[in-house]
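Coordinate inspection notes
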Amino acid sequence: MAATHSILDAFRANPRTRHPALLVRDDGSEEAVTITECTDRGFRLAVTLRPNLGEQVLIRTDGVRDLPAQIRWAHGAEAGGSF
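Residues numbered from 1 in each chain as written. Predicted model: local features only at pLDDT ≥ 70, side-chain atom pairs only at ≥ 80, totals over all residues. Heavy atoms only, no water.

One ladder, built from six bridges, connects strand β1 (residues 19-24) with strand β2 (residues 30-38); its direction is antiparallel. Paired with Pro20 across the strands is Thr34, a residue of β2. The pairing of β1 with strand β4 (residues 56-61) spans three bridges and is classified as antiparallel. Within the sheet, the bridge partner assigned to Leu23 lies in β4 and is Ile59. (Pairing = 2+ DSSP bridges. Helix = DSSP H or I, 4+ residues; strand = E, 2+ residues; numbered from the N terminus.)

Below, the structure is given as structure tokens:
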């Protein structure tokens with residue numbers, strides 16, 4: 001089972017699930033975020049510091065390998081991207 005499926009299974013079982021995670025930026029800095037939506041293609045995050053559009057990041061959650069992703073949009077305290 002791929003790592004994204006572990007997160008996806010939780011969202012399929014309870015679509016209102018929110019998962020704490022770390023957003024690891026391309027400069028190595030980390031930010032605590034919350035995954036608020038997740039599909040097999042992408043995600044939505046609640047963020048404090050808005051990531052840059054096009055930025056390559058890793059999403060790190062407990063018990064799941066780091067997920068490489070790219071930020072596709074950011075607005076206010078939310079951002080989203082694709083795997």
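Now, onward.
Turning to the pairing of strand β6 (residues 78-82), a few remarks are in order. Of all five residues that make up β6, four are buried, and the element is covered over most of its length. When strand β3 (residues 42-46) meets β6, the two strands line up antiparallel, connected through five bridges. Bridge pairing in β6 places Phe43 opposite Gly81. The pairing of strand β5 (residues 64-75) with β6 spans five bridges and is antiparallel. (Buried < 20%, exposed > 50% of the residue type's maximum accessible area, 1.4 Å probe, protein only.)

All right, on to the sheet that holds β2 then. By way of backbone hydrogen bonds, the strands of a sheet pair with one another, either parallel or antiparallel. Spatially, β1-β2-β3-β6-β5-β4 is the arrangement adopted by the six strands of the closed barrel, whose pairing is antiparallel. Adjacent strand axes in the sheet meet at a mean angle of 45° when their direction is disregarded. Where β4 and β5 come together, five bridges link them in antiparallel fashion. Residue pairing for β5: Val57 is matched across the bridge by Ala69. (Axes fitted to C-alpha atoms, helices over the stretch in contact; angles between N-to-C directions.)

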